[in-house]
Amino acid sequence: MQQDERLKIWIEQGNVSISQLFFQHYRQLLISDSDAMVVLQILSFQEDGNYFPTPVDIAGRMQLSEKEITESLQRLMQKGLFAIDQSTDERAVLHERFSLLPLWNRLAELLVQQQAVKQEKQSQNEEGEVYSLFEQEFGRFLSPMECETIAMWIDKDGHTAEIIRAALREAVLAQKMSLRYIDRILFEWKKKNVQTMKDVERQTQAFRPVAAVAVNQAPENPVKRVPFYNWLEERE
């Protein structure tokens, strides 16, 4: 079940309070202040067990006339924000009730869209940071061809900014600052379904020695080298 569908069901069944969501976003749904108050009055009547309040009922709680309430209901219905459901009971008596499910549906869609936009902006910011990090490590501006290669890693190969940064870090440790070397790392990781930083850690630990090696230093003041794996030399 999709997230927006769950939200609609929870709200319709009264399991989620919509006051904050509605107050925060009704303007974005092009609902006026007075129409928003009519919606809240409908909710209030439904909580009291009256699922089909008349314009007279609603006007009795507001500083709007019956005619203004009727016009408000018409606007909301024209915008597809509420509907009138009909049903019959066991005695074949027709019953009508206001349904705000179309409104919850529109609200859920809006929230999903806003989240998608937020994630897209975050992704773009992270991608921009990747280019900046490459220029910082390379000590120069990237060429158009290099920028295109990085873009292909993201768009075509589906690597996240985090994974690309990890591959760059591997190249820095190996002192092999070339896109060809980093591309090979990403190729090997993709082949092994490396998708998270935990996957990266498992891969690097599988190829690096457990202990670092002290070299060319006096025993009393050793300096340890960080071991690295040469990804270009990997074989099946």
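Above: the structure in question.
As the structure is a prediction and not an experimental result, all values here were calculated from the model.

**Considering the pairing of strand E1 (residues 83-88)**
Direction of pairing for E1 relative to strand E2 (residues 94-99): antiparallel, over a ladder of six bridges. Looking across to E2, one finds that Gln86 is bridged to Glu96.

**Brief notes about helix H9 (residues 179-191)**
For H9, spanning 13 residues, the distance from its first C-alpha to its last is 18 Å, which sits close to the expected 18 Å at 1.5 Å a residue. Here H9 has its buried residues at Leu179, Tyr181, Ile182, Ile185, Leu186, Glu188 and Trp189. A positive backbone phi angle near 60° is found at Asn193, which sits one or two residues after H9.

**Description of the pattern of salt bridges**
When charged atoms on two side chains of opposite charge get close, those side chains can pair. As enumerated under the stated definition, the model contains eight salt bridges in all. A salt bridge links Asp48 to Arg61; the nearest nitrogen and oxygen atoms lie 3.4 Å apart. Of this pair, Asp48 sits in the loop between helix H3 (33-47) and helix H4 (55-59) while Arg61 sits in the loop between H4 and helix H5 (66-78); the two residues are 13 residues apart in sequence, bridging distant segments of the chain. The class of Arg61 is partly exposed, set by a relative accessible area of 38%. Glu146 is the partner of Arg140 in a salt bridge, and the nearest nitrogen-oxygen pair spans 2.7 Å. A relative accessible area of 39% means that Arg140 is categorised as partly exposed.

**Structural notes on the packing of helix H7 (residues 144-155) against H9**
The interhelical angle for the contact between H7 and H9, taken along N-to-C directions, is 5°, at an axis separation of 12 Å. Taken together, H7 and H9 sit at an angle that is classed as roughly parallel. Contact with H7, carried on its side by Glu146, Thr149 and Trp153, involves Leu179, Ile182, Asp183 and Leu186 of H9 and no other residues of that element. Among the residues making up the contact of H7 with H9, the classes are represented as four nonpolar, one polar and two charged.

**Here's the deal with the nonpolar core**
Grouped burial of nonpolar side chains is what soluble globular proteins tend to show. Among the nonpolar cores identified, the biggest contains 24 residues, and Phe22, Ile31, Leu100 and Leu103 are the most heavily contacted of them. Sorting the residues of this core by element identifies H3, H4, H5 and helix H6 (101-138) as the ones contributing at least two each. For this core, the leading source of residues is H3, giving seven residues. Filtering out sequence-adjacent residues up to four positions away, Leu103 remains in contact with Phe22, Leu29, Ile31, Val39 and Leu81. Within the second largest apolar cluster, 23 residues are counted, among which are Phe134, Ala161, Leu186 and Val194.

**A look at the packing of aromatic side chains**
Counted according to the given criterion, the structure contains six aromatic pairs. Taking the centre distance of 5.5 Å and the plane angle of 25° together, the rings of Phe22 and Tyr26 count as stacked. According to the relative accessible area criterion, Phe22 is buried, its value standing at 1%. One aromatic cluster in this structure is built from Phe22, Phe23 and Tyr26. Directly above the aromatic system of Phe45 lies the positively charged group of Arg61, at a separation of 3.7 Å from the ring centroid.

**A short note on H7**
Over its 12 residues, H7 runs 16 Å from end to end, which matches the ideal 16 Å to within 8%, given 1.5 Å per residue. Three or more residues of H7 are buried, namely Glu146, Ile150, Trp153 and Ile154. Buried positions in H7, seen along its axis, are confined to an arc of 95° and lie on one side of it. Structural note: H7 exposes Pro144, Met145 and Asp155 on the side pointing more than 90 degrees away from its buried face. Elements that come into contact with the buried residues of H7 comprise H6, helix H8 (161-174) and H9.

What counts and how
Residues numbered from 1 in each chain as written. Predicted model: local features only at pLDDT ≥ 70, side-chain atom pairs only at ≥ 80, totals over all residues. Heavy atoms only, no water. Pairing = 2+ DSSP bridges. Helix = DSSP H or I, 4+ residues; strand = E, 2+ residues; numbered from the N terminus. Expected span 1.5 Å × (residues − 1). Buried < 20%, exposed > 50% of the residue type's maximum accessible area, 1.4 Å probe, protein only. Salt bridge = Lys/Arg side-chain N within 4 Å of Asp/Glu carboxyl O. Axes fitted to C-alpha atoms, helices over the stretch in contact; angles between N-to-C directions. Parallel < 35°, antiparallel > 145°, perpendicular 65-115°, else oblique. Contact = heavy atoms within 4.5 Å. Nonpolar A, V, L, I, M, F, W, Y, C, P; charged D, E, K, R; others polar. Core = buried A, V, L, I, M, F, W, Y, C linked by side-chain atoms within 4.5 Å. Phe/Tyr/Trp six-rings, centres within 6.5 Å; stacked < 30°, edge-to-face > 60°. Lys NZ or Arg CZ within 6 Å of the ring centre and 35° of its normal. Arc of directions from axis to C-beta.

In short, geometric facts, not functional conclusions.
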